[in-house]
Amino acid sequence: MMIDRKTGHAPRTEALAREIAGLREPCVGCPGCTGLCPALIEALVLPDLLVGRG
C-alpha cells in the first residue's frame, strides 16, 4: 500500500515542517542523537510560543 505523507494545513504546522525539512543537522546536542525528537521540536516551537504570549 502506498501512502503519501503531507504536512498539516495549519500555518504553524506548515512553517514547522518547512523549518525541520531545512535543517542540515537534526540535532540540538543531545548525547546519542537519533534525529527528530521532542527536544528538537521544543527548541523549534518555543520561541514562537514565547513571542505570541504578549
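Residue positions within a chain follow its written sequence, with the count starting from 1. Local features in a predicted model are, by the rule used here, given only for residues with pLDDT of at least 70; side-chain atom pairs are given and counted only at 80 or more, and totals for whole chains, interfaces and linings are based on all residues. Derived side-chain values reflect all non-hydrogen atoms in the structure, with water molecules and hydrogen atoms excluded from consideration.

Chemist: Would you mind going over a nonpolar patch on the surface with me for this structure?
Modeler: The patch calculation keeps residues exceeding 30% relative accessible area without a salt bridge and links them within 9 Å when they carry like charges or within 5 Å when they are nonpolar (Val, Leu, Ile, Met, Phe, Trp, Tyr). For every accessible area listed, the method is Shrake-Rupley and the probe measures 1.4 Å; residues are considered covered only by the protein chains on display. Whenever Lys or Arg places a side-chain nitrogen within 4 Å of a carboxyl oxygen from Asp or Glu, that contact is recorded as a salt bridge. A surface patch of nonpolar side chains, about 260 Å² in accessible area, is lined by Leu-46, Leu-49 and Leu-50. Each helix is a run of H or I in the DSSP string that is no shorter than four residues. Each strand is a run of E no shorter than two, and both are numbered from the N terminus. Tracing the backbone through its elements, the reader meets Leu-49 in helix α2 (residues 38–52). The buried label goes to any residue with under 20% of its type's maximum accessible area, the exposed label to any with over 50%, and the partly exposed label to all in between, with areas taken from a 1.4 Å probe on protein chains only. The class of Leu-49 is partly exposed, set by a relative accessible area of 40%.

Chemist: Looking at this structure, I do not really get the environment of Ala-39. What am I missing?
Modeler: Summarising the element assignment, Ala-39 is placed in helix α2. Judged by its relative accessible area of 31%, Ala-39 is partly exposed. Here the alpha-carbon distance between Ala-39 and Gly-29, two residues 10 residues apart in the chain, equals 9.6 Å. When checking whether two residues touch, look at their non-hydrogen atoms; a contact exists if any pair is within 4.5 Å. Other than its neighbours up to four places away in sequence, Ala-39 contacts Val-28 and Cys-30.

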